[in-house]
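Fold and contact review
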Amino acid sequence: MPAAPSAPAAPAPATVRLRPPARPRPLAVLAATAASTAALLLLVALGTVLHHPLLIPPLAASMALVAASPELPLSQPRSLVGGQLLSALTGFAVLAVAGPGLWSAAAAGGLALGVMMLARTPHSPAAATAVIVALQDPPFLVFTALLVLSCLLLVAVGLTAARATRRTYPAYWF
C-alpha cells in the first residue's frame, strides 16, 4: 500500500530580535532624574513625619517606571495605584490568615502578582508592598492611607515630568 502523502512542513517561526532601547534625549534623562529625586524626597519626608518609611523601596521602583518609561502599562495610574493597593490588601489578607513572617511574606508577594493580573493592574514593584505588609504587620488604616497618598503623589510627579518633557503620561487612566 502506498504511503499517504505527508502534510507540508509548517514554516519555522520567525525569530524576533529585541534591541536595546534607544538612547534617551538629555532632557528626558534630566527630567526623569529630577522627577524621581523630587518624588522620593517627598516620600521620605512624608514617611518620616508619619513614622512609616517602609514604603520607600517599592515606591522608588514605581517612580522609576513612571519617570523613565511613562508609556508602559506598568507605569499607568491604573496599574500604579490599583496594583499597589491590591497588593497591600493581599498582604493584609495573608497576614490575617497566617500571621507575620517570612513564609507569609513569600505567599503574599506571589499571591499579589495573581491578584494584579486578574484585576488587570500589573505593577511589579507592588509585590514588594505585599511582602512588607506580611513581614511588618503595619496598622491597616495608616498604612493604606499613606500608600494611596504616596501613589497619587507619584502620579502627580509623573504628570509634571511628562509636561516638562512633552511626553504623554498617562497613556490611559482606567
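Scroll up a little and you will see the structure.
Residues numbered from 1 in each chain as written. Predicted model: local features only at pLDDT ≥ 70, side-chain atom pairs only at ≥ 80, totals over all residues. Heavy atoms only, no water.

Here's the deal with the environment of leucine 146
Put simply, the rule is: Per the convention used, a helix needs a DSSP run of H or I reaching at least four residues, while a strand needs a run of E reaching at least two, with both numbered from the N terminus. Two residues qualify as a contact provided that any one of their heavy atoms is within 4.5 Å of a heavy atom in the partner residue.
With respect to the helices and strands, the residue leucine 146 is situated in helix α6 (residues 140-165). Apart from residues no more than four positions distant in its own chain, leucine 146 is found in contact with Leu46, Leu50, His52 and Leu55.

A few points about helix α4 (residues 102-119)
Quick note on the threshold: The span you would expect from a helix comes to 1.5 Å times its residue count less one. Only protein chains enter the accessibility calculation, which uses a 1.4 Å probe. A residue is then buried if its area is under 20% of the maximum for its type, exposed if over 50%, and partly exposed in between. Each C-beta atom gives one direction from the helix axis, and the arc is the one those directions make.
For α4, with 18 residues, the first-to-last C-alpha span of 26 Å sits near the 26 Å given by 1.5 Å per residue. Burial in α4 covers these residues: Ser104, Ala105, Ala108, Gly109, Ala112 and Met116. The buried residues of α4 occupy an angular sector of 135° when projected down its axis, which confines them to one face. Exposed residues lying more than 90 degrees from the buried face of α4 are Trp103, Ala106, Met117 and Leu118. Along its buried surface, α4 packs onto α3 (77-98) and α5 (126-136). A positive phi of about 60° marks arginine 120, the residue just after α4.

Thoughts on the pattern of salt bridges
Rules: In what follows, salt bridge is the name for a side-chain nitrogen of Lys or Arg lying within 4 Å of a carboxyl oxygen of Asp or Glu.
Here the structure, examined in full by the defined rule, presents one salt bridge. With its nearest N and O atoms 3.5 Å apart, the salt bridge here joins glutamate 71 to arginine 167. Of this pair, glutamate 71 sits in the loop between α2 (56-68) and α3 while arginine 167 sits in the segment after α6, and the two are 96 residues apart along the sequence. What makes glutamate 71 partly exposed here is its relative accessible area of 48%.

Considering unusual backbone geometry
Geometrically, the link from tyrosine 169 to proline 170 is a cis peptide bond, its omega value of 0° lying close to zero. Looking at the secondary structure, you find proline 170 in the segment after α6. Phi is positive for arginine 120, close to 60°, though the residue is something other than glycine. Along the polypeptide, arginine 120 turns up in the loop between α4 and α5. Despite not being glycine, arginine 166 has its phi angle at roughly 60°, a positive value. Relative to the helices and strands, arginine 166 resides in the segment after α6.

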